[in-house]
Amino acid sequence: MRLTLVRHATLLLETSHGRVLVDPMLRAARTTPPIENTPNQKRNPLVELPLPREQVVAGVDLCIVTHLHSDHFDDAADEVLPRDLPILTQPESAEALAARGFTNIAVEHPAIPMTRGRHGRGEIGEAMGAVSGWVVDDVYIAGDTIWCDEVSDALERHRPRAVVLNASGARFNVGDPIVMDAIDVRRVRAATDAPIAVVHLEAINHCLEPRSAYRGIAGVHVPDDGETIEL
C-alpha cells in the first residue's frame, strides 16, 4: 500500500480496493476558530493543504470516515465530494452523512473490518463519542483513540502488517489526552513488530506534541504533509 499524508488525519491510500480517501478535512488554513477550552488558541487549521482540495478528491473510489468531528470531515469536504461516492463509516455517523445528501453509505465492508477505540478517558472520553478504525489491506488505521483494550484487541485479532496512529496528545485544558501521545505510541510499538506511521500532527490547535516527539521512536515513521510512504 502507498499512503500519502495530506494533512492531519486526511490520508490517500492506494489499495486493492482502489484509491481510498480517509477523514477528509479540506478547508483552508485559519478559516475556523480554535477548538474551545484547549491550549494554543490559534485559528484552525494551522497549516494549508499541500495540494488543492480538488486534487485530493480526484479519482477517489472510496471514502472512509472514522467519525464526524470537524477535523475529520468538514464542510469543505462536503462541498467537493460526489454525493454518490461510496462512503464507509461507523454506524453512529451514517445518519448524519445521509442527511448531508450522500447516497452510498455503508457501515460494514466484507474486506475492510471496523475496529473500535476510545477518544479519551473517563467523562471526557464518553463526551467525545464513538470512534472507529479500519483495517485496509492488512494495514490498521486506528483513528482517534488512546491506547486502550480495544486497540490491544485489534492488534491481536488482525495482526496488521503496518499500523497508522493518530497522535499529538491532543487535549482540553483539563483531563488527559484524547488521542495517543508519545507514551501511547511506545505502548503500541511494544505490542507489535509491524512498522508504524504516526499522523494527526501540527495541524489543529490542541494537538500539542510535534513531529519531533515521535521521530526518535524505533520503527516509527512520521511523514510530512504531502509525503508518500510505502506500507
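Scroll up to find the structure.
Procedures and definitions
Residues numbered from 1 in each chain as written. Predicted model: local features only at pLDDT ≥ 70, side-chain atom pairs only at ≥ 80, totals over all residues. Heavy atoms only, no water. Buried < 20%, exposed > 50% of the residue type's maximum accessible area, 1.4 Å probe, protein only. Helix = DSSP H or I, 4+ residues; strand = E, 2+ residues; numbered from the N terminus. Arc of directions from axis to C-beta. Contact = heavy atoms within 4.5 Å. Polar contact = N/O pair within 3.5 Å; in protein donor to acceptor, adjacent residues only side chain to side chain. Pairing = 2+ DSSP bridges. Right-handed = clockwise from strand over helix to strand, strands pointing away. Salt bridge = Lys/Arg side-chain N within 4 Å of Asp/Glu carboxyl O.

K.L.:
Please give an account of helix H6 (residues 182-191) that cites residues and values.
P.N.:
Of all the residues in H6, the buried ones are Ala182, Asp184, Val185, Val188 and Arg189. Down the axis of H6, the buried set is contained in an arc of 160 degrees. They therefore lie on one face. Turned more than 90 degrees from where H6 packs its buried face, Ile183 and Ala190 sit exposed. Tucked inside the fold, the buried residues of H6 contact helix H5 (149-158), strand S10 (162-166), strand S11 (196-199) and strand S12 (220-221). Of the residues flanking the start of H6, the one acting as N-cap is aspartate 181, its side-chain oxygen 3.2 Å from the backbone nitrogen of isoleucine 183.

K.L.:
Break down the pairing of strand S4 (residues 62-65) for me, citing the residues and quoting the values.
P.N.:
The two faces of S4 match: Leu62 and Ile64 on one face and Cys63 and Val65 on the other face are all buried. The pairing of strand S3 (residues 18-22) with S4 spans three bridges and is parallel. Residue leucine 21 lies in a different strand from S4, and its bridge partner there is cysteine 63. The pairing of S4 with strand S5 (residues 87-89) spans three bridges and is classified as parallel. By the bridge assignment, valine 65 is partnered in S5 with threonine 89. Each parallel crossover has a hand, and the one from S4 via helix H2 (residues 75-80) to S5 is right-handed.

K.L.:
I'd like to hear about the pattern of salt bridges, residue by residue, with values.
P.N.:
Applying the stated criterion to the full structure yields 16 salt bridges. Here aspartate 78 and arginine 83 are joined by a salt bridge, their closest N and O atoms 2.6 Å apart. With relative accessibility at 31%, the residue arginine 83 sits in the partly exposed group. Residue glutamate 156 is joined to arginine 159 by a salt bridge in which the shortest nitrogen-to-oxygen separation is 2.7 Å. Judged by its relative accessible area of 48%, glutamate 156 falls in the partly exposed class. One salt-bridge network, held together by shared partners, links Glu202, Arg211, Arg215, Asp224 and Asp225.

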